[in-house]
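Architecture and fold: a report
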Amino acid sequence: MNRIRLYWSLQVIGWSSFALINLVFVSLDRGLSPVQVGAFTSLAAFYLISTHFFRNIVKKYGWLNLNFNRLLVNTLLALTVLSVLNMMAQIIINLIFDTLDPEVDFRPLVIAVNIFVSFLFYALWSMLYFLFHFLDNYNQSLKYQAMINEIQLNHLKSQLNPHFIFNALNSVRALVDEDPKKAKLAITQLSNILRFSLMMDKKRTIDFENEISTVKDYLNLESIRFEERLTVKYDIEPAAFDFKVPPMMLQTIVENAIKHGISNRVKGGLIEVKCYEGITDDLVIQVKNSGQLKPQTFSKKREGEGHGVSNTIQRLKLIYGNKASFRIYNEGSDFVITEIKIPKQSLKLG
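This section reports on the structure supplied with the text. (Residues numbered from 1 in each chain as written. Predicted model: local features only at pLDDT ≥ 70, side-chain atom pairs only at ≥ 80, totals over all residues. Heavy atoms only, no water.)

**Points about the packing of helix 2 (residues 34-60) against helix 3 (residues 68-96)**
Angle between the axes and distance between the axes: these two values describe a pair of packed helices. Let me state the cut-off plainly: Note on definitions: angles span 0 to 180 degrees between N-to-C directions of axes, and those axes are lines fitted to C-alpha atoms, for helices only across the stretch in contact. Every helix listed is a DSSP run of H or I at least four residues long, and every strand listed is a run of E at least two residues long, numbered separately from the N terminus. Here roughly perpendicular refers to angles of 65 to 115 degrees, roughly parallel to angles under 35, roughly antiparallel to angles over 145, and oblique to all remaining angles. Take the far helix as your reference; a near helix turned counterclockwise from it by less than a right angle gives a left-handed crossing, and one turned clockwise gives a right-handed crossing. Here a residue-residue contact requires only that any non-hydrogen atoms of the pair lie within 4.5 Å.
Running from amino to carboxyl end, helix 2 crosses helix 3 at an angle of 155 degrees, the nearest separation of the two axes being 10 Å. As judged from the angle between their axes, helix 2 and helix 3 are roughly antiparallel. Handedness of the crossing formed by helix 2 with helix 3: right-handed. On helix 3, the residues that touch Ala39, Ser42, Leu43, Phe46, Tyr47, Ser50 and Phe54 of helix 2 are Thr75, Ala78, Leu79, Leu82, Leu85, Asn86, Ala89, Gln90 and Ile93.

Shown next, in the form of structure tokens:
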């Protein structure tokens, strides 16, 4: 149902219910007559017309864009005017149906009560109307923000594919002349990784098992290239496989450790991947690599590369908001640790 049809349906149902409820109470008190049916139906019709007129004023003059205080003042003034007009309409309706009693209906207390009761009905209508509008706008804003986040995520993921493929091909190229047999094995492993990288564009998060499998293929590929210069260790708790993670997130961190840690050391070094469930039911991922993180090097890397650490931080923010964390730091004088914490089932985007 579109918004206009929904609006008119609620208007007709609401004010028809108003007339019906009044007629029921009147019939219980002194019976029901055609005059009473006509009078209350006319009053309900006036409520419908006047509230629709009020809605047009709100839309025409952009009241919904006003700040809260200005909107409140405008609304109270408008409802007061409508209530006075409603009181006058009641007098005219009573006059038309010959039910007007001047001695009673024109008493100041009766007029004040009629205005006050009308004000309450108009205030209830306004509250429901504004509440529906603000909730609808809030829902639209959430959908818009989700769409923007999705576009940003797709842009970030599209950055990773060519960046990763370029580095992986460099690794294979280095083996072609040195050891054709190892190069053949490396190409097989590379095909598995590329298949996975193509799949990542279709999903926001994937099973941890798929991610760690790709990481192992990647490190196997790098082990062929680095030979004894690279030592790889895994410490994966079974609970980690119950989580979902952004695709290629862990692989990007491992690749960063290889490129900026192991590759810069003549003797190579260690890559250790540790994953476990934290005390707050989140997934803790730690990638430990030989080397030292220098502040000036880190800044240069972020500005020059633009796809590794900064990309991971942006994706975590878009998907999990403030529920995920990222940090990279030195452990002693020999190692760098990159640590990521991911909530289990608290995705920011649906």
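**Some thoughts on the sheet that holds strand 7 (residues 335-343)**
What counts is decided by this rule: For two strands to pair, DSSP has to find at least two bridges joining them.
An order of 2-4-5-7-6 is seen for the five strands of this open sheet, with the pairing classed as mixed. Edge positions in the sheet fall to strand 2 (230-236) and strand 6 (325-331), since each of these pairs with one other strand and no more. Ignoring strand direction, the axes of neighbouring strands in this sheet form an average angle of 10 degrees.

**Side note on the pairing of strand 5 (residues 282-290)**
This is how the line gets drawn: Categorising residues by exposure relies on relative accessible area from a 1.4 Å probe, with only protein chains included: less than 20% of the type maximum marks a residue as buried, more than 50% marks it as exposed, and the intermediate range marks it as partly exposed.
Here strand 5 lies mainly inside the structure; eight of its nine residues are buried. For strand 4 (residues 269-277) and strand 5, the ladder comprises seven bridges, and the chain directions are antiparallel. Counterpart to isoleucine 271 in the pairing with strand 5 is asparagine 289. Where strand 4 folds back on strand 5, the antiparallel hairpin that results is connected by four residues, among which aspartate 281 adopts a positive phi of roughly 65 degrees. The pairing of strand 5 with strand 7 spans nine bridges and is classified as antiparallel. Residue pairing in the sheet places lysine 288 in a bridge with isoleucine 337 of strand 7.

**Things to note about the environment of serine 263**
Among the structural elements, serine 263 can be located in the loop between helix 8 (249-260) and strand 4. Take serine 263: its relative accessible area is 34%, and that puts it in the partly exposed class. Sequence separation between serine 263 and leucine 230 is 33 residues; the distance between their C-alpha atoms is 9.4 Å. The contacts of serine 263, once residues within four sequence positions are left out, are Phe226, Arg229 and Ile258.

**Some remarks on the packing of helix 1 (residues 3-30) against helix 2**
Selection criterion: Each residue is assigned to one class: nonpolar for Ala, Val, Leu, Ile, Met, Phe, Trp, Tyr, Cys and Pro, charged for Asp, Glu, Lys and Arg, and polar for all the others, Gly among them.
At a closest axis distance of 9 Å, the pairing of helix 1 and helix 2 adopts a crossing angle of 150 degrees. With respect to each other, helix 1 and helix 2 are oriented roughly antiparallel. The interaxial crossing formed by helix 1 with helix 2 has right-handed handedness. Mapping the contact onto sequence places Ile4, Tyr7, Trp8, Gln11, Val12, Trp15, Phe18, Ala19, Asn22, Leu23, Val26 and Arg30 in helix 1 and Gln36, Val37, Phe40, Thr41, Leu43, Ala44, Tyr47, Leu48, Thr51, His52 and Arg55 in helix 2. Its residues assigned to classes, the contact of helix 1 with helix 2 shows 15 nonpolar, six polar and two charged.

**Things to note about the nonpolar core**
The cut-off we apply is this: By convention a nonpolar core is built from buried Ala, Val, Leu, Ile, Met, Phe, Trp, Tyr and Cys residues, the set being connected through side-chain atoms within 4.5 Å.
Leu250, Leu283, Ile285 and Ile342 are the most contacted members of the largest nonpolar core, which has 44 residues in total. The dominant element in this core, judged by the number of residues it contributes, is helix 7 (residues 208-226), at eight residues. If near-sequence neighbours (up to four positions away) are discounted, leucine 250 is found in contact with Phe208, Glu211, Ile212, Val215, Val273, Ile285 and Val287. In terms of nonpolar packing, the next biggest core, distinct from the first, is built from 22 residues, Tyr7, Ala19, Tyr47 and Leu64 among them.

**Observations concerning the packing of aromatic side chains**
For any pair of aromatic rings, the description consists of the separation of the ring centres together with the inter-plane angle of the planes. The condition that has to hold: Ring geometry is summarised as follows: Phe, Tyr and Trp rings, the Trp one being its six-membered ring, pair when their centres sit within 6.5 Å, and such pairs are stacked at plane angles under 30 degrees, edge-to-face over 60 and tilted between the two.
Enumeration according to the criterion identifies 13 aromatic pairs in this entry. Measuring from ring centre to ring centre gives 5.8 Å for tyrosine 47 and phenylalanine 121, while their planes differ by 65 degrees; the resulting arrangement is edge-to-face. Remark: phenylalanine 121 occurs in helix 5 (residues 108-178) and tyrosine 47 occurs in helix 2; sequence separation between them is 74 residues. Assessed through its relative accessible area of 2%, tyrosine 47 is described here as buried. Phenylalanine 121 gets classed as partly exposed once you look at its relative accessible area, which sits at 31%.

So yeah, pure geometry; function would need other evidence.
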